[in-house]
Amino acid sequence: MKFMKLGSKPDSFQTDGDNIRYVATELVTDVVVNIGDVKFYLHKFPLLSKSARLQKQVATSNDENSDEIHIQDIPGGPAAFEICAKFCYGMIVTLNAFNVVAARCAAEYLEMYETVEKGNLIYKIDVFLNSSIFRSWKDSIIVLQTTKSLLPWSEELKVVSHCLDSIASKASIDTSRVEWSYTYNRKKLPSENGTSPQWNDVRKPQMVPKDWWVEDLCELHIDLYKRVIATIKTKGRVSGDVIGEALNAYALRRLPGFSKGMIQNNDFIKYRSLVETIVWLLPTEKRTVPCSFLLRLLRAAILLDCGEMERNELMRRIGQQLPEATVTDLLIRAPIGEATIYDVDIVHNLVEEFVAHNSQTDPLENEFQESSRSPKFGPDASKVLVARLIDGYLAEIARDPNLSLSTFVNLAENTASFPRPSHDGLYRAIDMYLKEHPGISKSERKRICRLMDCRKLSAEACMHAVQNERLPLRVVVQVLFFEQVRATASTGNSTPDLPGSIRALLPGGSRGSSRSTTTNTEGDWDSVPTAEDIKALKGELATLRLGSSGSDRNGNDAAKSDVEKVAAGRTKGLAMSKMFSKLWSGKERHGEITSSDTSEIPGSVNAEETKSTPSRSRRHSLS
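Residues numbered from 1 in each chain as written. Predicted model: local features only at pLDDT ≥ 70, side-chain atom pairs only at ≥ 80, totals over all residues. Heavy atoms only, no water.

J.: Looking at this structure, I do not really get the overall build of the chain. What am I missing?
T.: On a plain count of helices and strands, the chain comes out with 30 helices and 7 strands. With 623 residues in all, the chain has 50% of them scored as buried. Residue pairs in contact within the chain that sit at least 24 positions apart in sequence constitute 70% of those at least 6 positions apart. Carbon and sulfur atoms provide 50% of the accessible area of the chain, an area that totals close to 30100 Å². (Helix = DSSP H or I, 4+ residues; strand = E, 2+ residues; numbered from the N terminus. Buried < 20%, exposed > 50% of the residue type's maximum accessible area, 1.4 Å probe, protein only. Contact = heavy atoms within 4.5 Å. Areas by Shrake-Rupley, 256 points an atom, 1.4 Å probe, with all protein chains shown as cover.)

Shown next, in the form of structure tokens:
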């Protein structure tokens with residue numbers, strides 16, 4: 001910390017209790033200066049020789065009271081006046097970042113100008129500020145903090161603006177020119193600390209991270225912090241992602257419980273203002289702030305009842321970056337008094353924001369961004385990621401016993417048009433809902449099961465679905481059929497012909513044969529398991545006794561010749577056809593076949609169909 005010493009005489013100021021100050025000299029004091037509740041017993045000559053204001057006050061005071069002066073509004077109070085008084089006496093005074101602004105404002109109040117005496121206090125303090133304080137990173141921050149209690153004097157004297165410019169200029173400087181100390185407790189990147197493997201074990205000189213200044217500014221009050229960040233942004237030399245990191249660090253420091261998605265203090269007015277200010281300071285560049293940080297801000301904004309404008313701004317930004325979110329980020333608690341655990345409407349609105357943003361984005365630009373972000377999924381990468389995100393979110397909220405079916409289905413249908421390489425996540429969410437809501441009606445059970453496409457279930461999901469007693473029989477039959485289609489396709493065989501009653505259970509209904517169904521679904525198979533996965537599933541099905549004649553053959557597929565594999569596939573197809581017929585005849589005996597059973601198409605939205613569930617004993621007999 002920089003400091004400056006003024007004067008050469010020993011400090012002879014003495015105290016008598018808390019409210020009396022006097023100078024220990026042989027000369028009798030001839031003036032009493034009252035600063036608030038504190039009395040200073042001093043001498044007129046040294047004071048009046050340097051302070052034009054005291055000269056005027058003594059001259060205008062009554063003759064009877066000329067030895068007593070009352071000053072109530074001096075900036076900095078008794079401590080600042082004492083510094084000025086000691087300077088007048090020529091005593092040693094030490095100025096530093098903590099007291100220099102108060103002394104400067106008090107000297108201005110007392111009118112200690114050069115016109116009164118050369119080398120007066122104002123001149124000396126200005127030299128110290130410009131030559132030392134404003135050139136120091138940490139001293140500039142400390143001085144800026146002290147200006148808040150000295151407004152409007154510190155503002156009018158341009159101390160605040162000088163501090164802002166000094167801090168912003170240093171934060172915007174090239175990191176190679178940073179030569180002063182700073183606080184940095186976060187983990188650096190390998191390329192920033194000289195341990196990157198690209199240097200072949202030759203240690204690179206330690207680099208200054210781009211966000212080196214972030215933590216030091218967290219000490220500032222939100223009003224001053226807002227002005228510093230605004231000044232830094234005005235200079236235009238700091239990237240948006242560094243600004244975003246600074247805001248994230250400030251929120252973590254200043255908002256208790258922010259990292260956990262809650263506010264642990266009752267001072268809601270204070271923290272509401274803080275959150276609204278952070279939202280206002282967010283950089284305008286796209287994708288410069290992590291989506292997880294934006295969602296934590298949204299949680300805080302909801303808890304603190306921030307303004308509609310701030311919440312809408314956060315919703316808009318999150319909608320643009322929704323593919324980056326995680327399920328945990330989206331688990332926002334519902335307001336007190338709501339029946340559900342989580343606020344599903346918020347997530348529904350976020351998906352709508354994402355869809356609206358996607359439709360407004362230039363297709364060429366969007367394709368470039370999506371391909372660069374996730375080449376695996378191509379131009380639809382963002383939709384694939386959002387679909388996967390919502391599937392995971394549905395699985396979490398499905399555990400809520402108070403979650404209505406319409407809320408669950410509406411959110412799922414919001415992403416129904418999004419491409420999904422696999423429907424495993426959606427199946428998991430549906431199964432969780434059926435497990436936690438066993439009392440739903442048959443029609444509701446059908447409605448929720450129509451959300452998924454059995455053709456896009458992995459081998460593991462198929463094995464689970466076959467044994468899942470919570471699913472309607474129609475869904476199990478469809479799973480078994482499509483698994484057989486994939487199995488026969490992997491061996492080059494054709495799908496066995498099925499009775500018309502069985503085909504009615506499958507996509508395409510009674511209007512097409514099983515072969516035509518296979519043709520229609522081939523385009524959707526590019527995301528299903530590989531041949532190895534199908535072979536593994538065959539072995540699993542064999543252990544479940546789904547086809548006794550093919551069980552022994554499936555376990556030895558790897559050792560068979562090509563001819564034997566074809567024969568085994570055909571045998572397997574015959575066994576599967578018999579099993580389908582047995583399922584259908586079982587349904588007829590139990591009276592489960594309805595007119596809707598022969599016309600339902602998976603994925604349709606006919607909510608009036610009645611549900612057809614198999615008996616538990618019949619399902620169990622399949623295994």
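From this point, things continue past the structure.
J.: Can you walk me through helix H11 (residues 222–235) in this structure?
T.: With 14 residues, H11 extends 20 Å between its outermost C-alpha atoms, agreeing within 8% with the 20 Å of an ideal straight helix rising 1.5 Å per residue. Taken as a whole, H11 has its buried residues at Ile222, Leu224, Tyr225, Val228, Ile229 and Ile232. The arc that holds every buried residue of H11, seen down its axis, measures 155°, which confines them to one face. Where H11 is buried, its residues meet helix H6 (137–147), helix H8 (159–171), helix H10 (214–217), helix H12 (240–254) and helix H13 (268–281). (Expected span 1.5 Å × (residues − 1). Arc of directions from axis to C-beta.)

J.: Can you help me understand the pattern of salt bridges in this one?
T.: Between side chains of opposite charge, pairing is possible as soon as their charged atoms come close. Overall, the coordinates contain 21 salt bridges when judged by the stated rule. The residue Glu68 makes a salt bridge to Lys39 at a minimum N-O spacing of 3.5 Å. Of the two residues, Glu68 is situated in strand S6 (residues 68–71) and Lys39 in strand S5 (residues 38–42); the sequence distance between them amounts to 29 residues. Each member of the salt-bridge network shares a partner with another, and the members are Asp11, Arg21, Glu82 and Lys86. (Salt bridge = Lys/Arg side-chain N within 4 Å of Asp/Glu carboxyl O.)

J.: In this structure, what is going on with the side chain of Thr415? I would like to understand it.
T.: Tracing the backbone through its elements, the reader meets Thr415 in the loop between helix H20 (405–414) and helix H21 (424–436). A relative accessible area of 0% places Thr415 in the buried class. Look past the residues within four positions of Thr415 in its chain and what remains in contact with it is Val351, Val386, Ile390 and Arg420.

J.: Any chance you could explain the environment of Lys210 here in plain terms?
T.: The residue Lys210 is located in the loop between helix H9 (190–193) and H10 in this model. With a relative accessible area of 59%, Lys210 lands in the exposed category. When the C-alpha positions of Lys210 and Ser239 are compared, they lie 9.2 Å apart, and in sequence the two are 29 residues distant.

J.: Explain the packing of aromatic side chains here, please?
T.: A ring pair, where both rings are aromatic, is described by two values, the distance of the centres and the angle of the planes. As enumerated under the stated definition, the model contains 10 aromatic pairs in all. Between Phe354 and Phe418, the ring centres sit 5.8 Å apart and the planes meet at 70°, which makes this aromatic pair edge-to-face. Taken together, the residues Phe354 in helix H17 (residues 344–360) and Phe418 in the loop between H20 and H21 connect sequence positions 64 residues apart. Taking relative accessible area as the criterion, Phe354 reaches 2% and is therefore assigned buried. With relative accessibility at 7%, the residue Phe418 sits in the buried group. An aromatic cluster of at least three residues, connected via ring pairs, comprises Trp137, Tyr182 and Trp212. A cation over a ring is seen here: Arg53 above Tyr109, with NZ or CZ 3.9 Å from the ring centre. (Phe/Tyr/Trp six-rings, centres within 6.5 Å; stacked < 30°, edge-to-face > 60°. Lys NZ or Arg CZ within 6 Å of the ring centre and 35° of its normal.)

J.: Looking at this structure, I do not really get helix H15 (residues 308–320). What am I missing?
T.: Given 3.6 residues per helical turn, the α-helix brings residues three or four places apart onto the same face. Here H15 spans 19 Å end to end across 13 residues, near enough to the 18 Å set by a 1.5 Å rise per residue. Looking at H15, one finds that the buried residues are Glu310, Leu314, Met315, Arg317, Ile318, Gly319 and Gln320. Looking at the buried residues of H15, the elements they touch are H13, helix H14 (291–303) and H17.

J.: I tried to follow the sheet that holds strand S2 (residues 13–15) on my own but got confused; where do I start?
T.: The strands making up a sheet are joined through hydrogen bonds of the backbone, oriented either antiparallel or parallel. Taken in spatial order, the 5 strands line up as S2-S3-S5-S4-S6 in an open sheet, and their pairing is mixed. Both outer strands of the open sheet, S2 and S6, are each paired with one neighbouring strand and no more. Looking at each pair of strands side by side, their axes are set apart by 20° on average, direction ignored. When strand S3 (residues 20–23) meets S5, the two strands line up parallel, connected through 3 bridges. Across the sheet, residue Tyr22 finds its bridge partner in S5, namely Tyr41. (Pairing = 2+ DSSP bridges. Axes fitted to C-alpha atoms, helices over the stretch in contact; angles between N-to-C directions.)

J.: What am I meant to see in the packing of H15 against H17 here?
T.: For any two helices packed against each other, one specifies the inter-axial angle together with the distance between the axes. Orientation of H15 relative to H17, taken along the N-to-C sense of each, is 65°, at an axis distance of 8 Å. In this structure, H15 crosses over H17, and the sense of that crossing is right-handed. Side by side, H15 and H17 meet where Met315, Arg316, Ile318, Gly319 and Gln320 of the first sit next to Ile346, Asn349, Leu350, Glu353, Phe354 and His357 of the second. Across the contact of H15 with H17, the residue classes tally to 5 nonpolar, 4 polar and 2 charged. (Left-handed = near helix turned anticlockwise from the far one by under 90°. Nonpolar A, V, L, I, M, F, W, Y, C, P; charged D, E, K, R; others polar.)

J.: Where do I start with the side chain of Arg21 in this structure?
T.: Tracing the sequence through the fold places Arg21 in strand S3. Residue classification places Arg21 among the buried residues on the basis of a relative accessible area of 19%. When near neighbours in sequence (up to four residues on either side) are disregarded, Arg21 contacts Gln14, Thr15, Val38, Lys39, Phe40, Tyr41 and Glu82.

J.: Help me understand the nonpolar core, please; the structure alone is not making it clear to me.
T.: The nonpolar side chains of a soluble globular protein tend to be buried with one another. Ranked by internal contacts, the top residues of the largest apolar core, which has 159 residues, are Leu42, Trp213, Leu217, Tyr225, Ile232, Leu322 and Phe408. Not counting residues up to four positions away in its chain, the partners in contact with Leu42 are Phe13, Val23, Thr29, Asp30, Val31, Val33, Leu47, Phe81, Ala85 and Tyr89. (Core = buried A, V, L, I, M, F, W, Y, C linked by side-chain atoms within 4.5 Å.)

J.: Even after reading the chapter, I still don't get unusual backbone geometry, so can you show me in this structure?
T.: With the exception of glycine, the majority of residues adopt a negative phi angle, and the majority of peptide bonds are in the trans configuration. In this structure, Pro152 follows Leu151 across a cis peptide bond, with omega equal to 5°. Along the chain, Pro152 turns up in the loop between H6 and helix H7 (153–156). Phi is positive for Lys158, close to 65°, though the residue is something other than glycine. In this structure, Lys158 sits in the loop between H7 and H8. Since its relative accessible area comes to 51%, Lys158 is described here as exposed. Phi is positive for Asp305, which is not a glycine, with a value near 55°. Assignment of secondary structure puts Asp305 in the loop between H14 and H15.

J.: Sorry if this is basic, but what is going on with the packing of H12 against H13 here?
T.: At a minimum axis distance of 10 Å, the contact between H12 and H13 shows a crossing angle of 175°. Classified by the angle their axes make, H12 and H13 are roughly antiparallel. Residues Ile243, Leu247, Tyr250, Ala251 and Arg254 of H12 lie in contact with H13, whose contacting residues are Tyr271, Leu274, Ile278 and Leu281. (Parallel < 35°, antiparallel > 145°, perpendicular 65-115°, else oblique.)

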